[in-house]
Amino acid sequence: MTVVLVVNSGSSSLKYQLIEMSDERVLASGLIERIGEASGVVTHKRGDERAERELEIGDHDAAFDIMMQNFAEHGPSMDDAKPVVVGHRIVQGGRRFYGPTIIDEKVEMDIEELIPLAPLHNGPNLAGVRAARRVFANIPHVAVFDTAFHTTLSDAASYYALNREVADKYRVRKYGAHGTSHKYVSEAAAEFLDRPYDELRTVVLHIGNGASACAVDGGKSIDTSMGMTPLEGLVMGTRTGDIDPAVLFHLHRKAGYSVDDLDRLLNKQSGLLGLTGTNDVRDVTARAAAGDEAAELGLEIYVHRLRHYIGSYLVALQGADVIAWCGGVGENSVEVRKRALAGMEWLGVELDAERNEARRDGIREISTDSSRVRILVVPTNEEIEIARQSLEATGVPAAQ
Ligand SMILES: Nc1ncnc2c1ncn2[C@@H]1O[C@H](COP(=O)(O)OP(=O)(O)O)[C@@H](O)[C@H]1O
Ligand SMILES: CC(=O)OP(=O)(O)O
Ligand SMILES: [Mg+2]
């Protein structure tokens with residue numbers, strides 16, 4: 001047995017999976033949510049068994065202890081499972097990390113140093129790494145970076161038209177994110193269609209609470225919607241995505257917003273939440289269907305931006321072979337997919353209404369038989385991809 005533990009510490013959550021790599025079977029998984037709030041939620045799944053409880057979770061160290069308790073109480077015990085590697089999701093690797101990297105003191109320091117380039121993500125990611133390295137002191141830990149897949153972006157695609165001296169001094173450029181998912185999904189799409197990955201042109205739409213689009217040309221990311229930080233690009237659950245930066249000057253000068261106020265406003269109080277009062281696309285679409293005007297407008301703004309990026313990436317790829325939807329919204333929202341791809345028949349993009357509505361597990365095709373561009377729903381699996389890359393980095397075989 002070769003078992004890998006994958007840890008994904010987000011700003012307010014810790015997700016984990018224990019995976020047996022010979023057949024990529026998930027032995028157990030869990031989600032610890034609302035870290036730092038008055039009442040947190042803990043879920044642990046093992047086969048068909050599921051344990052859930054609510055309690056206050058002070059910080060990521062406490063969350064890590066809870067994860068260890070879950071394994072001890074609900075199994076599998078670490079003595080039985082004996083993970084050989086811990087794989088960590090790290091959002092920002094800057095132009096320092098181009099692939100999975102075994103973590104030592106120096107790598108920890110580099111991740112810390114990159115916090116300003118992903119302030120909501122890298123700090124919590126690092127807290128998870130530190131807690132895990134204390135508990136699993138005798139096995140390798142590997143960092144798998146969201147940005148690594150986008151290090152193939154050209155300078156033209158990744159530099160802003162910002163004063164070059166300032167940009168270079170402060171490392172301002174587009175790094176992108178969700179790369180592990182974009183890679184996994186574009187590869188899975190190629191396999192599903194039985195096409196060589198290095199020839200396929202794919203637009204990947206990773207639409208969850210955080211959302212990003214990516215143009216993948218023959219297995220290489222050539223453009224992506226997230227920027228220096230995961231704030232740029234698509235409208236998200238609570239983030240604005242693209243916005244005229246002069247809006248910030250205006251709010252500062254006219255309304256006295258501080259930098260921290262603006263950070264909070266753009267990252268946490270905007271997007272669908274700020275437009276409609278909820279960041280859950282299920283609620284927004286239900287309300288829009290019931291005639292709620294704010295919800296309808298919120299949805300239209302959300303979709304308008306999605307269409308902007310789809311169009312842009314079809315041009316970047318000189319036509320695509322595949323549009324692949326993933327993430328909580330991308331995999332589940334019939335309505336968002338329908339609105340986002342409407343009227344694109346002239347581009348060879350034909351959504352099949354019935355297939356779009358059919359609910360099935362696994363990868364599925366939702367385009368018409370005559371659609372030149374194949375449209376797929378591809379459930380993403382960042383954890384499996386992190387586990388595979390972590391194992392690869394350490395050289396441990398998947399079956400032994
Ligand atoms: N059945 C559904 N229909 C529409 N949207 C859904 C559905 N299920 C989940 N979602 C959306 O998916 C989002 C979560 O996506 P996910 O990829 O898990 O997010 P993240 O990893 O960014 O936290 C939810 O906020 C919700 O808007
Ligand atoms: C980078 C990012 O936005 O990640 P998540 O979707 O997990 O919030
Ligand atoms: Mg996510």
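Residues numbered from 1 in each chain as written. Chains lettered and ligands numbered in written order. Predicted model: local features only at pLDDT ≥ 70, side-chain atom pairs only at ≥ 80, totals over all residues. Heavy atoms only, no water.

Pairing within the open sheet is mixed, and its 8 strands lie in the order 5-4-3-2-1-6-8-7. If you trace the sheet from one side to the other, it starts and ends with strand 5 (49-55) and strand 7 (101-102), each paired once. Its contacts with the sheet put helix 16 (residues 382-394) on strand 1 (3-9), strand 2 (13-20), strand 6 (83-90), strand 7 and strand 8 (141-145), and the angle it makes with strand 6 is roughly 120°. (Pairing = 2+ DSSP bridges. Helix = DSSP H or I, 4+ residues; strand = E, 2+ residues; numbered from the N terminus. Contact = heavy atoms within 4.5 Å. Axes fitted to C-alpha atoms, helices over the stretch in contact; angles between N-to-C directions.)

Two strands pair when backbone bridges link them, and strand 2 and strand 3 (residues 25-33) are joined in this way by 8 bridges, in the antiparallel orientation. What sits directly across from tyrosine 16, in strand 3, is glycine 30. If you look at the hairpin formed by strand 2 and strand 3, you'll find 4 residues sitting between the two strands, and glutamate 24 has a positive phi there, around 55°. As defined by bridge partners, strand 3 adjoins strand 4 (residues 40-46) across 5 bridges and the pair is classed as antiparallel.

Okay, the nonpolar core next. If you look at the biggest cluster of nonpolar residues, it comprises 41 residues, and the most contacted ones within it are Leu205, Ile207, Tyr302, Leu306, Ile323, Trp325 and Leu341. Elements with a contribution of two residues or more to this core: strand 9 (201-207), strand 10 (211-217), helix 11 (281-289), helix 12 (293-316), strand 12 (322-326), helix 14 (334-340) and strand 14 (374-377). In terms of residue count, helix 12 provides more of this core than any other element does, 9 residues in total. Those residues in contact with leucine 341 that sit more than four places away from it in its chain are Arg307, Ile310, Ile323, Trp325, Val349, Leu351 and Ile375. One finds Ala188, Val216, Cys326 and Ala387 within the second-largest nonpolar core, a separate group that totals 27 residues. (Core = buried A, V, L, I, M, F, W, Y, C linked by side-chain atoms within 4.5 Å. Buried < 20%, exposed > 50% of the residue type's maximum accessible area, 1.4 Å probe, protein only.)

What follows concerns unusual backbone geometry. In this structure, the amide linkage connecting glycine 75 to the following residue, proline 76, adopts the cis form with an omega of -5°. Its place among the elements puts proline 76 in the loop between helix 1 (60-74) and helix 2 (78-81). Of note in the backbone geometry, arginine 171 takes a positive phi value of approximately 55° without being a glycine. Topologically, arginine 171 is positioned in the loop between helix 6 (164-169) and helix 7 (179-193). Here arginine 171 falls in the partly exposed class, since its relative accessible area comes to 28%.

With that settled, consider the confidence of the model for the chain. On average, the chain scores 96 in pLDDT, and the residues at 70 or more come to 100%. Of the two predicted TM-score estimates for the complex, the pTM is 0.96 and the ipTM is 0.98. (pLDDT = per-residue confidence, 0-100.)

Turning our eyes to something else, we now look at the environment of alanine 132. Mapping alanine 132 onto the fold places it in helix 4 (residues 122-135). For alanine 132 and valine 7, which are 125 residues apart along the polypeptide, the C-alpha to C-alpha distance reads 8.5 Å. Leaving out residues up to four positions away in the same chain, alanine 132 has contacts with Phe64, His88 and His141.

If you trace the 6 strands from one edge of the open sheet to the other, you get 11-10-9-12-14-13, paired in mixed fashion. Where the open sheet ends on each side, the last strands, each with one partner, are strand 11 (220-224) and strand 13 (364-365). Where strand 9 lies against strand 10, 7 bridges are found, and the strand directions are antiparallel. Across the sheet, the residue bridging to valine 204 is cysteine 214, located in strand 10. The strands that helix 12 touches are strand 9, strand 10, strand 11 and strand 12; relative to strand 9, the one it contacts most, it runs at about 160°.

What UniProt calls "active site" (unreviewed entry) maps, in this numbering, to Asp146. For aspartate 146, the location among the structural elements is in the loop between strand 8 and helix 5 (155-158). Under the relative-accessibility criterion, aspartate 146 is labelled buried at 0%. Setting aside residues no more than four positions away along its own chain, aspartate 146 makes contact with Arg89, Ile90, Val91, Ala177, His178, Gly179 and Thr180. A polar contact is formed between the side chain of aspartate 146 and the backbone nitrogen of histidine 178, at a distance of 2.6 Å. (UniProt positions renumbered as here; feature names shortened; annotations may be inferred. Polar contact = N/O pair within 3.5 Å; in protein donor to acceptor, adjacent residues only side chain to side chain.)

Okay, helix 7 next. In an α-helix, one full turn covers 3.6 residues, which means residues spaced three or four apart are oriented alike. Taking 1.5 Å as the rise per residue, helix 7 with 15 residues should run 21 Å; its terminal C-alpha atoms sit 21 Å apart, in good agreement. A large share of helix 7 lies buried, amounting to 11 of its 15 residues. (Expected span 1.5 Å × (residues − 1).)

What follows is about the pairing of strand 4. Burial of strand 4 is extensive: 5 of the 7 residues sit out of reach of the surface. The antiparallel pairing of strand 3 with strand 4 creates a hairpin that spans 6 residues between the two strands, and arginine 34 there sits at a positive phi of about 60°. Looking at chain direction, strand 4 and strand 5 are connected through 7 bridges and run antiparallel. The partner of valine 42 across the bridge, within strand 5, is arginine 53. Taking the residues between adjacent antiparallel strands as the criterion, strand 4 and strand 5 are bridged by 2 residues, where glycine 47 takes a positive phi near 60°.

We now examine the site of ligand 1. Neighbouring residues of ligand 1: 13 residues in total, closest Asn209, Gly210, Val281, Gly328 and Asn332. Taking glycine 328, its main chain carries an N or O atom lying 2.9 Å from an oxygen atom of ligand 1. Burial of ligand 1 by the surrounding chains reaches 69%, relative to a free accessible area of 580 Å². When residues in the shell around ligand 1 are grouped by element, the largest group, 4 residues, is from helix 13 (residues 327-332). Its residues assigned to classes, the shell around ligand 1 shows 2 nonpolar, 8 polar and 3 charged. (Near = heavy atom within 4 Å. Areas by Shrake-Rupley, 256 points an atom, 1.4 Å probe, with all protein chains shown as cover. Nonpolar A, V, L, I, M, F, W, Y, C, P; charged D, E, K, R; others polar.)

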